[in-house]
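What follows is each chain in one-letter form.
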Amino acid sequence: KDKKSKDGKWQISFSPIFRYSVAFCLLILVVMLLGGGILSFSQMKKDAKASLTSVHAQIAQKIDESITLLEALAVLPEYYDPDIPPIEKVKKLDQMAPIFGYLMICYVDIIVYSDGSEPVSLASRDYMQRLFSTGERQVTDSFAAGADGATLNYTVAVPLLDERNNITGSLFCAISFDEVGEILEQSA
């Protein structure tokens, strides 16, 4: 604002200019912060989607590898032949599990056989009932299993079919939930 002083000279007040300049700077700062926040949020969203896509692919690959391995073993007579004692099948599979990086690979004919422990029935498990009724491979969601009943794992199971396509049992492997967790951590 312009004002006339007592001696008749005009004086210019800079306070309105200063207020407008401060308001303008604050407005620019708010716009920059909002823009930065929006850009950061959209970038994090893109990164999360890419990470989930990567994790999905890695987990799907692990399941596909498991199915391939089990189906390759399932065509061998030493596993589908009911005349071979289950403990012989189990001993071979127990040796293979750590080599292929699995928590366990088991032979099942509704009873899970293991070397050195008591056999356990899986007749009550839905996925085993589906496998034996349909003859189709099964991949489970994560569930509590193991002797402690608290170990989370995913199970991939394939049927053992003899020459006449009769189901003589199944092979299954467990993918530990911790392994899936490691894949998620690596991706993050």
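Every value quoted in this text rests on a predicted model; they were computed, and no experiment measured them.

J.: What am I meant to see in the environment of Phe172 here?
T.: Mapped onto the elements of the fold, Phe172 is located in strand 9 (residues 167-176). Expressed as a C-alpha distance, the spacing of Phe172 and Tyr107, which sit 65 residues apart in the sequence, is 6.7 Å. Setting aside residues no more than four positions away along its own chain, Phe172 makes contact with Leu70, Met104, Ile105, Cys106, Val108, Val112, Leu122, Met128, Thr155, Val156 and Ala157.

J.: Whenever I open this one, the side chain of Ser66 confuses me. Can you help?
T.: Here Ser66 lies in helix 1 (residues 15-74). In this structure the side chain of Ser66 is engaged in a polar contact, spanning 2.8 Å, whose partner is the backbone oxygen of Lys62. Ignoring anything within four residues of it in the chain, the contact list for Ser66 reads Tyr102, Val156, Cys173 and Ile175.

J.: In this structure, what is going on with the nonpolar core? I would like to understand it.
T.: If you look at soluble globular proteins, the nonpolar side chains tend to sit buried side by side. Leu70, Leu73, Tyr79, Leu93, Ile105, Leu160 and Leu171 are the most contacted members of the largest nonpolar core, which has 21 residues in total. Of all the secondary-structure elements, those providing two or more residues to this core are helix 1, helix 2 (77-80), helix 3 (86-100), strand 3 (104-108), strand 8 (151-161) and strand 9. The element contributing the most residues to this core is helix 1, with five residues. Non-local contacts of Ile105, meaning those with residues more than four positions away in its chain, are made with Leu69, Leu70, Leu93, Asp94, Met96, Ala97, Phe172 and Cys173. Ranked by size, the runner-up nonpolar core spans nine residues in total, among them Val108, Leu122, Met128 and Phe172.

J.: I would appreciate a short explanation of the pattern of salt bridges in the present structure.
T.: Between side chains of opposite charge, a pair can form when the charged atoms approach closely. Inspection of the entire model under this criterion finds three salt bridges. The partner of Glu71 in a salt bridge is Arg137, and the shortest N-O contact between them spans 2.9 Å. You can see Glu71 sitting in helix 1 and its partner Arg137 sitting in the loop between helix 4 (126-134) and strand 6 (138-139), a full 66 residues away along the chain. Among the ionic pairs, Arg164 bridges to Asp162, the shortest N-O distance being 3.8 Å. Assessed through its relative accessible area of 66%, Arg164 is described here as exposed.

J.: Can you help me understand helix 3 in this one?
T.: Residues that lie three or four places apart on an α-helix share one face, since the helix turns once every 3.6 residues. Between its first and last C-alpha, helix 3 extends 21 Å over 15 residues, near the 21 Å set by a 1.5 Å rise per residue. Among the residues of helix 3, those classed as buried are Lys89, Val90, Leu93, Met96 and Ala97. One side of helix 3 holds all its buried residues, which, seen down the axis, span an arc of 135°. Residues of helix 3 that are exposed and point over 90 degrees away from its buried face: Gln95, Pro98 and Ile99. Tucked inside the fold, the buried residues of helix 3 contact helix 1, helix 2, strand 3 and strand 9.

J.: Whenever I open this one, the packing of helix 1 against helix 5 (residues 177-187) confuses me. Can you help?
T.: For any two helices packed against each other, one specifies the crossing angle of their axes together with the interaxial distance. Across the interface, helix 1 lies against helix 5 with an axial gap of 9 Å and an inter-helix angle of 150°. By crossing handedness, the relation of helix 1 to helix 5 is classed as right-handed. Taking contact as the criterion, the partners of Ser51, Ser54, Val55, Gln58, Ile59 and Lys62 in helix 1 are, on helix 5, Glu179, Val180, Ile183, Leu184 and Ser187. Its residues placed into classes, the contact of helix 1 with helix 5 shows five nonpolar, four polar and two charged.

J.: Hey, could you run me through the side chain of Thr168 in this one?
T.: Turning to its location among the elements, Thr168 is positioned in strand 9. Residue classification places Thr168 among the buried positions, given a relative accessible area of 16%. Here Tyr80 takes part through its backbone oxygen, which lies 2.7 Å from a polar atom of the side chain of Thr168. Contacts of Thr168, omitting those with residues within four sequence positions, involve Tyr80, Pro82, Tyr107, Asp109, Leu160 and Asp162.

Thresholds applied
- Residues numbered from 1 in each chain as written.
- Predicted model: local features only at pLDDT ≥ 70, side-chain atom pairs only at ≥ 80, totals over all residues.
- Heavy atoms only, no water.
- Helix = DSSP H or I, 4+ residues; strand = E, 2+ residues; numbered from the N terminus.
- Contact = heavy atoms within 4.5 Å.
- Polar contact = N/O pair within 3.5 Å; in protein donor to acceptor, adjacent residues only side chain to side chain.
- Core = buried A, V, L, I, M, F, W, Y, C linked by side-chain atoms within 4.5 Å.
- Buried < 20%, exposed > 50% of the residue type's maximum accessible area, 1.4 Å probe, protein only.
- Salt bridge = Lys/Arg side-chain N within 4 Å of Asp/Glu carboxyl O.
- Expected span 1.5 Å × (residues − 1).
- Arc of directions from axis to C-beta.
- Axes fitted to C-alpha atoms, helices over the stretch in contact; angles between N-to-C directions.
- Left-handed = near helix turned anticlockwise from the far one by under 90°.
- Nonpolar A, V, L, I, M, F, W, Y, C, P; charged D, E, K, R; others polar.

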